[in-house]
Every structure is written in structure tokens, then in C-alpha cells.
Number of protein chains: 2
Amino acid sequence: MNRLTSVTSPIKIKRALISVYDKNGIIDLAQELNTQGVEIFCSSGTKSALNGVGISAKDIQEITGEEPAFDGRVKTISFGIAAGLLYDRQSHAHQQEALRRNIVAIDLLVCNLYALDINNIDIGGVTLIRAGGKNFQGVAVLTDPSDYVPFISELQKNQGEISLETRKYLMRKAFNYTADYDSNIAMSLDENAGIHSLRYSFHNGEELRYGENPHQQAKFYHKTPSSPKIEVLFGTKELSYNNILDINAAKDLLFKLKYSQNTDEQKIIATIIKHGNPCGAAAAQGFQVFNDKQENQVIEVLRQAFSGDPVSAFGGILATNWPITLEIFKSIEKNFLEAIIAPSIDEMLLHYLSGLKSGHKNLRLIKYNEYNESDEYNEHNKHNHRKQEYEGKISAEGALLQAIPPLSKQKYYEDIRLVTGLANNGIVGNRVNINRDLVEFGLKIVSEAKSNAIVIVREQTGNFQMVGHGQGQTNRVTAVDNAIKMFTLKTNSENATSKKTTNANVVLISDGFFPFADNIEIAAEAGIKNIVQPGGSIRDQEVIAKCNQLGINMYFTGIRLFKH
Amino acid sequence: MNRLTSVTSPIKIKRALISVYDKNGIIDLAQELNTQGVEIFCSSGTKSALNGVGISAKDIQEITGEEPAFDGRVKTISFGIAAGLLYDRQSHAHQQEALRRNIVAIDLLVCNLYALDINNIDIGGVTLIRAGGKNFQGVAVLTDPSDYVPFISELQKNQGEISLETRKYLMRKAFNYTADYDSNIAMSLDENAGIHSLRYSFHNGEELRYGENPHQQAKFYHKTPSSPKIEVLFGTKELSYNNILDINAAKDLLFKLKYSQNTDEQKIIATIIKHGNPCGAAAAQGFQVFNDKQENQVIEVLRQAFSGDPVSAFGGILATNWPITLEIFKSIEKNFLEAIIAPSIDEMLLHYLSGLKSGHKNLRLIKYNEYNESDEYNEHNKHNHRKQEYEGKISAEGALLQAIPPLSKQKYYEDIRLVTGLANNGIVGNRVNINRDLVEFGLKIVSEAKSNAIVIVREQTGNFQMVGHGQGQTNRVTAVDNAIKMFTLKTNSENATSKKTTNANVVLISDGFFPFADNIEIAAEAGIKNIVQPGGSIRDQEVIAKCNQLGINMYFTGIRLFKH
């Protein structure tokens, strides 16, 4: 027999060992094995389940030579089973030794572990899985019930044989499974000892064009082995680290804006990100059905997103929660963008772009998956046995991680509380009833901007728009300066045309408290009438007094929104 | 026998099983076990090693009842050894069963695995370690040779007994060991299948005061189980997420500035960080020995770091690579800081601070560990079998990670190449020989500032100082604006006093190329004479022409330094 040839060959499944805690799908699998004439050995629990439906199966005791011992602490661990899983089927010497020692080859192991219980760690099952996985050249190892159906198909299609490719795939799953199992044990043991450790696994890493800079290598890893890769519908230029950063940031802000605590209605939202910071955002109330009228509304929202800061939008990433049609795309075509992400891209647009001889060579159109809170959490928990999501930074030093609640539980304010006009010092604010939806829109944007951050938002013709932003500052006054400068440029240009800007519906929002009153003076000079901030400075009263003096309404939210 | 009492009791080591690949320290341990009258069973390799130095040891075959099988594929896996490790010593029924089945209790397992080889995965050793670990109430499991010495001490001190506490500690190590082992197997198998997965472990998590905001929980995890916790020498206020972020950033910049590719000489360096961005930096050539003269020089460097941007330094984190004495501290005492990090803090300063009735209540003094490239890498590789360090971001989406080379291999420029004065268009630059050390100082700072970033640095009285910075911008012109505004404020105030600023030794440095020439005009207006940037824009010629026209020397580095 040619050894190399046989190693790459399929193997015939003649004998199976089944020891499963999760019995989903096991009857169907065993039935098929029975049909194929496979000899089945089982641990006692599994044997009862099979015998109960008339499937014949033998007890593993026939191989181990020992009754289950010590209240089940030792059931499967035995020389006979280990050897049956581990000996080299291709070695003549091993074959002879197996005959001599009365070892029967096990060709298929079906095994999964009981749910992690730190007081009842599985030893036997892990040994079986690891032994079978190691000897993948002679053994197929099923650890995941979701693999039974394709496995049965392969058996049926190939007269009871399983390919090397499948065995290798199953081996990978087997060791990922035991790695997860022992990782969770190690974490639990550490936790019980008062030591916080964290074992993370990342999957399906996508090789990126380059890292933050062309001389750096980078990858984007997904949370679970089943996470889909990024779906690029148009564009051949590889994504870079900064592209992914901005794609995720654009989506994060989009989903934050979409999922309000207060409302369920559909909205049309557009966000633009550059260097990880929002530089464009607009939103309008939407409709349940996408139609011609809707299309114009989407076009208007996109226009508002771009017009907030056209300089920064150059080379940015745009995300919207509405389908991109050819008409919609044409309305923004003149803007140079690295990528557009949307729930779907119209075929006609893809056709149009593919037909272009030049232009949009660097653009990518990317389809995103809808945020699905419960599924996301279930899938994650199933795999990681963990209840908490984290976000943060990894460096050579270690990992700086904080808990992130699901979107439905994220808070942007305790309350939106007017704090001006209450004392009798100087001119008193207008005490207008502020648009809380507009404030929430602004708070969500500022929560995605790097600190210190200020955003200026307004309501116009029923839509919300960001019209100024300053972020990433080491002092707050520069952040206010930058946001005001952008806002003033915009309103000056609008006032020079027919569209007069009214400042009544303009709100300046800060991610942190104002440490000094100088910021208020800058805002007042630009005609800002409403300021929202967390509050909490030792100089709050000084800041409030300045607002009262300058006729500004100030609101406290009670929640700081720093991000780095 | 009272079950509960006995569970918490020490156990007497009477019988040991030794199966080690790494034989370091094993002779000394076995010698001591011999002295204590412990019966030793060994796998064949270990037995030869012990017999060779006259230590009596039996073959595990006496327990397994089987000769090593299938070329060593099955040596230790057996009912006898599994039962000897797993049965409940406290259960009368188990004791009876052990007698009946002729099972001998193994009280100590000494086992480590051969170096990871994906073609030769260890099955038996992992089974032993996991079985012994599970039954920690009756078994001690040594997997790390560095635990032998304390283990021997405990045996000697306690007449051959090992405490529950030690057994629990060893159990934790055992499962962390098998988790690492299978994680590395899973990663290698995935990699071989063309699937990039990454399994990360973080250790010694320090619970932080709060996350980026008070309503968020956070922890800082270290890279290895042996990484020391952050050493706070003064201050009781807990560190927050933002503190750690800034501490790491301040240290990172400090080490970058300290380790030049070109020079080995000692420097005095000070860095100040706020919201993750450098807002103060200064450096001077130093001396090998710290003395009075040096102290004044340190004070001057700190003054220059603060005076670069005193507004932003408020509430920042200061790092310096020189010991902080009482005199040095007093020179910066008026500045409100969240933390100071240094290689050491003088006892007199600690005494002074402890004696204060009020003041500096929020300050922490933190000792840092020197950056040690080779050790860091060795330690990390030993634990993780990985050759590459990563940095990046973790989110609910997954992980965005890029490779980071050790400091000695980080590059900030390909070359510092004058690109102006070469063509004959308009006024020609001065072609001064730029101070490359000053440029490198600036490039390192800009590489730690969030993009888009601009820094302005200068040389004054032989020291380097940052005198302007603009960062975190979504367009470059705002970054230039911010840096220039700060620089102009500073020079105006200096020119108003006796200290006249000369712009000849001032350099403006950009982390990315200039997309338009407008940035140059802003710089020229402020009197900037030297600009350093990567180059690479399609409008480079336009930008160079503008420099030539305005009498500015422009240098290209060839390396972009984005950071997010």
C-alpha cells in the first residue's frame, strides 16, 4: 500500500464511538450509521437514548473492559479506547500490534461535553476528542451537532466514506472546542481565586491592505467562527485598517441613531466618518416602504450629512440604513468616498458602476448586516460562555477593556434638565421647550466623537443635521472653537444665500462638563442659544451664571460621554 | 472522618507520578521526594534520567499494566492511572472501590508537555494534568518547573504535606497551561487551513475606578500572569480607564523618545498626555549620574514640557525617565495633574506628600518598569508561543489588530529629504541643514497623536520642546490651524517679554501628506520656516511650489504616521 496515497484517501466508517451530553440530532445520525452497517459503541446515557428508539448499540465497556468506576469519574478513559483512536492505520507495525493487543479501530468519534461546571470538569470526553482529533488521518470527530447533517450527506454520497478534507475540518473544530472549554475553565478558576483573567478568541481574520500606515500589517478578526466576512459588493481595492475602523464607526453611529430608547419608528439616517470621528450626520423620519417619495427624502438626508462639513467628508466613509439606488448614488457621486455601506445596493447601481471606464476606482460598496441584539448575544454566549461584551484597546502593555451594554441599554442622559433661568442673575434664558429627539441625536453623535468633543446640531425642515463639530482636543475651549468656526462658516454661507439660518433650533452639545465659562462666551458670540452638557464641574454655577447673563439656555444631562 | 474538615486539610504526598519533557529541576525535586519516602512512578524517559543519578523510581507500567504502545502513542492513558488521579479520597465508597479494583492513589503529578508540534500533539500528558487538576482535593499537580522550589520548601516545612491553598494554585496553573496548549493548537490548525484566528489571554486584571465614563465598568489586564500590577507609590484615588490610557500613552511616548535608532546617550525626557494625545513634550541631553546639576536640568525640561501648552496640561498625566525628587516636584507642584510616572520617587517627596493636610488629594505617583525589549519578547513568546506583538481595538464587531515591531525596529522616516529649493520657481528655501534629532523628536510625538495631527517643535538652549499641536481632526487644515494658533500664542507672549523667539529652529511636522497648499499658507503666515511631512499626495508639486514661493524648507520622510 502506498502510504502517501492512502493518507490523502477517504476513510470508511466501520466503527463509531458515541458519548454525547447534547443529544440533539443524535438519533438521526445513529440511524444513518446503523443503515450504513456501522458498529456503534456508546456510553451508558447515550446507549439508553438509542436503544429507546430501537437503534442497536453496544456498551463501551466491551472496549474498556471496565465497568464505569467511581460514580462515573472514570468511564471512557482506558487503554483500549485510547489505542483504538490513536494507532496509525497506515502503519503495518501498528496494524500487527493492534491485532496482537486486541485493539479495535474507532473510525468515528461523536462526542460533546456537558455544559461547563467548574465543579464537574469533563476529563474523559476531552481525552476522546483530543485523541480522535490528533489521529484525523484515521478518525473523524464530530463535536458539533450542526455538522451531523452534512456528515450524513457525505456518508450517503460516498458509500460510507469520509474525505480527508472533512476530517481535517472536524479536527480543527475539535481543538477549537477543547481550547474554548479549557479557556473557560481557566478563567473561572482564576475568577474564583480573585484573579481577573480573560481569554479571548477572534476568528475569520481578514488580511487588510495595510495597517494604520502602509508599512504596518493588519487583520480584522470576527467575533465568532460563524461571523460572515465583510461583504464588498463593488470595488476591488482592499480595505485597510483605517477603512475598517471607519466602517465600524459609521455603522456604530448609524445603529445608535437608529435604535432609540423612546421610539420604534423607521428613520432615514446617514453618517460620515473620517479618522474615526463623525464629520457628517443627518436623520429624517422615514416610512415603512421604500418608494419614489422616499428616494427623494434619502437624497435630502445625504445632502444634509455632506453639507455639515464638506471639507472633512472628502475621503470619508458613508453609512446609511436605506437601500442605495442609482438615483441616490448619483446625488452624491461628486463626493470622493472610500466606501459606502448600506443594507442593500440596487442592481442597477452595480451595473452602472461596472460599466464605467474610469471613475470610482477606489470606492467600495459594502452590505452590512442588521444589528440584531438578541441573536448577537446568544450566538456569542453559546460560543464563549460569557455574558458580557467588551470594547477597548490592546497594546504591548496588555488590554484596557470596558463593558459595553447592548444598544437598547445604552444611556446618553439621565434627564435633560434646564439649569438656566432659575436664578435671578442677569438676563434669563428663553426656557424654550427643547426638542429632546434632537438632543438625543446630538448626544449619540458626540458619544462617538473622540474627547474632548463638541457637536452642534439643528433641526431644519423636520430633519436633524450636524452643523459643527470639534473633537480630539486636549482642552475643551479648542473643541468649542473648532465646532463654532465650522458652524459660523456654514451659517454665513447660508445667510449669504436665500436660506437664512435660525439659531432657535440649534443646540451645542458637549461630551464633558465645561470647566470654565470662557467656552460659553465663544458660543454666545456665534449666536448659540441652547447648550447641553453633563454638568458636574466645581464651576457649574459660574458657567450657568454666564449662560444667564448671555441669554443661553443650558441643560444638564447627568451622563458624561467620553470616548478615546 | 469529617468530610468538610478533611477537604480543607493538607494532603500527605505518598505517591508521585512524574512524566516531564522539560527536565529542569526534576532531579532536585525527585531527590526530595525520595528523602520524604515518596513512591515515584515515571514514564520511561524520566525514569532513565532519575535512575542515572541514583534515584529509585518505578515504571508507570506497574500501574497501567501495559507496555508503551504504538510507538509511544499510548503510554500513560489507562484506567489505572486515571482512576488513581480521579477517585475521591474523602469518599468511603470510593476508597472501598479503589481497594477492590486495585487502584493506587496518586497524590502528586509532575507533568509538562513537549514543545508544541502540531504533528505530534500531546494527548496523554494533557489527560494526566487535567485529571490531576480536577481532583485537586486529593492531588497536587506541578506543571511549571519554577514551582518546584517553593513546593519542596512546603514539603520540608510541613512534614511532606501540601496545603489546599497550594493545590488550588497549582490547579489554576494546570488549566491555564492546558488552555494555552490547546489554544495554540487551534490557532495553528486554523492557520494551516488558511483561516486566521487569534486566541489571546490577558491576566491580572486590575479593577478600575470606572471606564471612559463613570457609568461604565472597566479593567486593565496584563499580558502575562507574571506581569506586575501598576505600582502606585502615592495616592489613594483609584485609577480610571482614561488614567491608564494616558499612563500608557505617556510611557509609550517616553520610551519612543528615549530609544533612538541613532544614539545611545542618556536623555532627560518629559511627556504630558491628555485624552490620549501628547500635549507637552521636552527633551535634553542628560548625564549618566543623577546629581544636583542634573536636577536643575530636569526642572528645566519639565518647565518646557508644561510651557508648551499649559492650558491642556491641566489634569494631565506626566511621565519622565528621571527620578522625581522633592525639589523637582516643587517646581511643578502648582500644576494640577492626575498622575506622575517615573522610574523612581524620592523618599523625601513621599514623606512630604504624606505630611500634607490637604492638597494633591487626587494625585498619584507611579513607578514604571524600564522597557526591556528582549526580556519582554522572550517572556511573551515563552508563554504564548507567538512571535508577534499586536495593538488595536476590540469591539462588539471583533478585533482590529496590527503588528507592532519592538521599539528598536520602529521607523519614523525613510530619509529626511529636502524637496524645496530644487526647482526654479519663486523664492527658494534656505536649504539649512535641518537638525535631524529635532525632526525625529517631532516625528515620534506626532506618531503618538491622533490623526490628522500636526506638531510644532523647536530647539532652544540645546533642548527640544513641543510648542504647538493640533490633532484628532477630520481635515488637515484644522489640525494646522490649531497647532499654529497655539504656537502663535506662545511666541507672542515670549516676544512680549525679553525672550525673543527665533523661528529658524522651529519645525512643523505632519503625520500625513498635505492634500492642498492652503495648509502651507497658514504656516507661512505664522513665520514657520521648516515643514516635515511624508509626501505622497497627487498635489505634492503644488505644495512644494507654494513652499518655494513662501520661502519655506520642506522635507519629505517617506513614512506616514497615522494613529487612531
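Residues numbered from 1 in each chain as written. Chains lettered and ligands numbered in written order. Predicted model: local features only at pLDDT ≥ 70, side-chain atom pairs only at ≥ 80, totals over all residues. Heavy atoms only, no water.

**Let's talk about the confidence of the model for chain A**
Residues and elements named next belong to chain A.
Argument step 1. Scored by pLDDT, chain A has a mean of 91; 92% of the residues are at 70 or more.
Argument step 2. Predicted confidence is poor over residues 424-429, with pLDDT under 50, and the contacts of this stretch with residues over four places away or in other chains come to 15 contacts.
Argument step 3. Taken together, the chains of this predicted complex give a pTM of 0.91 and an interface ipTM of 0.90. (pLDDT = per-residue confidence, 0-100. Contact = heavy atoms within 4.5 Å.)

**Examining the interface of chain B and chain A**
Argument step 1. Contacts between chain B and chain A engage 125 residues on the former and 125 residues on the latter.
Argument step 2. At the boundary of chain B and chain A, one finds 14 salt bridges.
Argument step 3. Put simply, K485 of chain B and D481 of chain A hold a salt bridge, and the shortest N to O gap is 2.6 Å.
Argument step 4. Applying the counting criterion to the chain B and chain A interface returns 85 residue pairs in polar contact (both at pLDDT 80 or more).
Argument step 5. Examining the composition of the side of chain B that touches chain A, we find that 14 residues originate from one element, helix α9 (residues 164-192) of chain B, more than from any other.
Argument step 6. Both strand β8 (residues 196-207) of chain A and strand β8 (residues 196-207) of chain B contribute to a ladder of seven bridges, which runs antiparallel. (Salt bridge = Lys/Arg side-chain N within 4 Å of Asp/Glu carboxyl O. Polar contact = N/O pair within 3.5 Å; in protein donor to acceptor, adjacent residues only side chain to side chain. Helix = DSSP H or I, 4+ residues; strand = E, 2+ residues; numbered from the N terminus. Pairing = 2+ DSSP bridges.)

**Quick look at the environment of G280 of chain A**
Residue and element names in this part refer to chain A.
Argument step 1. In this fold, G280 is placed in strand β12 (residues 277-285).
Argument step 2. Overall, G280 belongs to the buried group, its relative accessible area being 0%.
Argument step 3. Through-space distance from the C-alpha of G280 to that of G308 is 5.7 Å; in sequence the pair is 28 residues apart.
Argument step 4. In contact with G280, other than residues within four places in its own chain, are A270, T271, I272, A305 and M466. (Buried < 20%, exposed > 50% of the residue type's maximum accessible area, 1.4 Å probe, protein only.)

**Things to note about helix α17 (residues 476-496) of chain B**
Argument step 1. Taking 1.5 Å per residue as the helical rise, α17 of chain B with its 21 residues ought to reach 30 Å, and the 30 Å between its terminal C-alpha atoms agrees with that figure.
Argument step 2. Considered for burial, the residues of α17 of chain B that qualify are R476, T478, A479, V480, N482, A483, I484, M486, F487, K490, T491 and E494 of chain B.
Argument step 3. Of the surrounding secondary structure, the elements contacted by the buried residues of α17 of chain B are α17 (476-496) of chain A together with α11 (292-307), β19 (454-460), β20 (463-470), β21 (506-510) and α18 (518-525) of chain B.
Argument step 4. At the N-terminal boundary of α17 of chain B, the capping side chain belongs to N475 of chain B, with an oxygen 3.4 Å from the backbone nitrogen of V477 of chain B. (Expected span 1.5 Å × (residues − 1).)

**With respect to the environment of I195 of chain B**
Argument step 1. Within the secondary structure, I195 of chain B is located in the loop between α9 and β8.
Argument step 2. Separated by 367 residues in sequence, I195 of chain B and F562 of chain B place their C-alpha atoms 28 Å apart.
Argument step 3. Those residues in contact with I195 of chain B that sit more than four places away from it in its chain are R172 and N204 of chain A together with D190 of chain B.

**A few points about the relation of the copies chain B and chain A**
Argument step 1. Mapping chain B onto chain A leaves a residual RMSD of 0.0 Å; the transformation is a rotation of 180° accompanied by 0.0 Å of translation along its axis. Such a combination of rotation and displacement between the chain copies is what one expects of a two-fold axis.
Argument step 2. In this assembly the copies share their binding face: 100% of the residues contributing to the interface of chain B also contribute to that of chain A. (Least-squares fit on C-alpha atoms with pLDDT ≥ 70 in both.)

**Examining the pairing of β12 of chain A**
Look at any regular strand and the pattern is simple: side chains alternate between the two faces of the sheet.
Residue and element names in this part refer to chain A.
Argument step 1. For β12, the buried fraction is high: eight of the nine residues fall into the buried class.
Argument step 2. Where strand β11 (residues 267-274) hands over to β12, the hairpin turn is made up of two residues, of which H275 adopts a positive phi near 50°.
Argument step 3. Examined bridge by bridge, β12 and strand β20 (residues 463-470) share two bridges and lie antiparallel to one another. Paired with A282 across the two strands is Q465, which belongs to β20.

**Describing the pattern of salt bridges**
Argument step 1. One pass over the structure, following the stated rule, counts 50 salt bridges over all chains.
Argument step 2. Where E414 of chain B meets K411 of chain B, a salt bridge forms, and the shortest distance between an N and an O atom there is 3.1 Å.
Argument step 3. Taking relative accessible area as the criterion, K411 of chain B reaches 36% and is therefore assigned partly exposed.
Argument step 4. A single salt-bridge network, built from bridges that share partners, covers R15, E39 and K58 of chain A.

**Comments concerning the nonpolar core**
Argument step 1. Ranked by internal contacts, the top residues of the largest apolar core, which has 77 residues, are V74 of chain A together with V74 of chain B.
Argument step 2. Elements with a minimum of two residues in this core: α5 (79-86), β5 (108-112), α7 (124-134) and α9 (164-192) of chain A together with α5 (79-86), β5 (108-111), α7 (124-134) and α9 of chain B.
Argument step 3. Setting aside residues up to four positions removed in sequence, V74 of chain B forms contacts with F79, A82, A83 and L86 of chain A together with P68 and A69 of chain B. (Core = buried A, V, L, I, M, F, W, Y, C linked by side-chain atoms within 4.5 Å.)

**Let's talk about the packing of α5 of chain B against α7 of chain B**
Residues and elements named next belong to chain B.
Argument step 1. Between α5 and α7, whose axes approach to 8 Å, the crossing angle comes to 30°. When the axis of α5 is compared with that of α7, the two are roughly parallel. Side by side, α5 and α7 meet where I81, L85 and L86 of the first sit next to L128, A131, G132 and K134 of the second.
Argument step 2. When its residues are assigned to classes, the contact of α5 with α7 shows five nonpolar, one polar and one charged. (Axes fitted to C-alpha atoms, helices over the stretch in contact; angles between N-to-C directions. Parallel < 35°, antiparallel > 145°, perpendicular 65-115°, else oblique. Nonpolar A, V, L, I, M, F, W, Y, C, P; charged D, E, K, R; others polar.)

**A word on the sheet that holds strand β18 (residues 417-418) of chain B**
Residues and elements named next belong to chain B.
Argument step 1. The sheet built from 12 strands is open, its strands ordered β10-β15-β14-β13-β11-β12-β20-β19-β21-β22-β23-β18 with mixed pairing. What marks the edges here is a single partner per strand, and that holds for β10 (231-234) and β18.
Argument step 2. Strands β19, β20 and β21 of the sheet are contacted by α17, whose axis makes an angle of about 130° with β20.

**Let's talk about the side chain of S201 of chain A**
Argument step 1. Looking at where S201 of chain A falls in the secondary structure, it is placed in strand β8.
Argument step 2. Only 3.0 Å separates the side chain of S201 of chain A from the side chain of H203 of chain A, close enough to count as a polar contact.

**Observations regarding the sheet that holds strand β6 (residues 140-142) of chain A**
All names here are of chain A.
Argument step 1. One open sheet holds the five strands; their spatial order is β4-β3-β2-β5-β6, and the pairing between them is parallel. On the outer flanks of this sheet lie β4 (58-59) and β6, each paired with one strand and no other.
Argument step 2. Sheet topology places strand β2 (residues 15-20) next to strand β3 (residues 39-42); four bridges connect them, and they run parallel. Looking at the pairing, R15 lines up with E39 of β3.

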